[in-house]
Amino acid sequence: MDMRTRHYTPQPAATPVAAPITLGAADLALIEAIQRGLPLVSRPYAAVAARLGCGEEEVIRRIAALQQAGIIKRLGVVVRHRELGYGANAMVVWDVPDEEVAELGRCLSGFEFVTLCYRRPRRLPQWPYNLFCMIHGRDREAVMEKFRLMIESCGLETIPKAVLFSRRRFKQRGALYRPSAVAPATRADPIVEGSC
Amino acid sequence: MADSAIMQTASTMPLDPLEQSLLNDFQQGFPLSPTPFAEMAARLGVSEEQVITTLERLQQRGAVSRVGPVFRTHSIGASTLAAMCVPETRLEEVAELVNRFDAVNHNYEREHRLNLWFVATAPDEAHLQQVLAEIEERTGIEVIALPMVEDYHIDLGFDLQWT
């Protein structure tokens, strides 16, 4: 029934970790203003602009620039899988030879059901795995089927691996990049002056 | 601490076609025009108000976390995935302590010897390390930090596949 999810779609080359981009005070203020989401009003960018003391076009232009620079990966509706019937989620981890990790990472990230695919360091002896994927499914068996498909399609039969199903969710929300609650003073600081 | 309450796995909530479309078709490419909801409404053949109220409702029901940006990990600030091996009897207590940190945005129990997995995000590396050290100190349990080294995934959202 879920056959459509099992396509392997070749993807463009992975984006390596971007060198940390230096963001100006105006960009940081904008990020702080939108990190919890845009207001659900007719003119959300104007509402953000009013908060920041700059123009609506300026907010739109800067968000577009942040997207262009790859700082914003995507802009849109962020869903919560569990509430939508995707009750099973697993972190699937692999211990891949270092020289093959990029190639396999690209292979695994080509599946539509993979929502994250990262290389991370090993921490021996507790943690031998260096490639991480997140997959969601309606139930455990759906996730395991996807797992088997990944092994088959990317040739991972002999690679040490583990499937870490989630049990309880203790917390889930978007990351807060700017500590807005801690530093209300910054808003009154001279970021304003028409510069958004 | 409503945010950190332990949540049950929800059963599928019934969704009408407008809700399904808003959830599935607008995970990326949110219009960068002055009236983005009106633009979505025009595409869907409904009113702007319907789009806004439906999104509000989906947010209240927990299906939508937010309408807005997903930032690339590491492009702003510092963040890491971290794992802990927590004795079963202490799991809730430790999870709650971890949740209390504003820097922690995700926190899950997983099936492994390392059974508590969380993501912490802070304005800079020093702040992040301080959070991890504090969690370690207050729980007496080692925190294994596993920061991202490379991202292979192009985030196009998630196909919800209504069937």
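Note that the coordinates shown come from a computational prediction; the quantities given were computed from them, not determined experimentally.

1. Considerations on the nonpolar core
Ranked by internal contacts, the top residues of the largest apolar core, which has 64 residues, are V48, V59, V93 and L108 of chain A. Per-element tally for this core: the top contributor is strand β3 (residues 88-94) of chain A, with six residues. In contact with V93 of chain A, not counting residues within four places along its chain, are Y129, L131, F132, K161, A162 and L164 of chain A. Counting 22 residues, the second-largest nonpolar core is a separate cluster that includes V98, V104, A120 and V131 of chain B.

2. Notes on the confidence of the model for chain A
Residues and elements named next belong to chain A. Here chain A averages 82 in pLDDT, and 80% of its residues register 70 or above. Helix α6 (residues 185-188) is the least confidently modelled element of chain A, averaging 32 in pLDDT, while helix α2 (residues 44-52) averages 97, the highest of any element. Segment residues 1-19: pLDDT under 50, and 36 contacts once partners within four positions in sequence are set aside and those in other chains are kept. This model gives residues 181-196 a pLDDT under 50, and the stretch forms 18 contacts once residues within four places in sequence are excluded.

3. Quick look at the domain arrangement of chain B
Taken domain by domain, chain B comprises domain 1 (16-70) and domain 2 (78-146). A C-alpha centroid distance of 34 Å is found between domain 1 of chain B and domain 2 of chain B.

4. Focus on the packing of helix α1 (residues 25-34) of chain A against α2 of chain A
Residue and element names in this part refer to chain A. Interhelical geometry of α1 versus α2 gives an angle of 125° and a closest axis separation of 10 Å. It follows that α1 is oblique to α2 by the angle criterion. In this structure, α1 meets α2 at a crossing whose hand is right-handed. Along its contact with α1, which presents A29, L30, A33 and I34, the element α2 presents V48, R51 and L52. Considering only residue class, the contact of α1 with α2 consists of six nonpolar, no polar and one charged.

Cut-offs applied
Residues numbered from 1 in each chain as written. Chains lettered and ligands numbered in written order. Predicted model: local features only at pLDDT ≥ 70, side-chain atom pairs only at ≥ 80, totals over all residues. Core = buried A, V, L, I, M, F, W, Y, C linked by C-beta atoms within 7 Å. Buried ≥ 20, exposed ≤ 12 C-beta atoms within 10 Å, placed from the backbone. Helix = DSSP H or I, 4+ residues; strand = E, 2+ residues; numbered from the N terminus. Contact = placed C-beta atoms within 7 Å. pLDDT = per-residue confidence, 0-100. Domains from an automatic or database assignment. Axes fitted to C-alpha atoms, helices over the stretch in contact; angles between N-to-C directions. Parallel < 35°, antiparallel > 145°, perpendicular 65-115°, else oblique. Left-handed = near helix turned anticlockwise from the far one by under 90°. Nonpolar A, V, L, I, M, F, W, Y, C, P; charged D, E, K, R; others polar.

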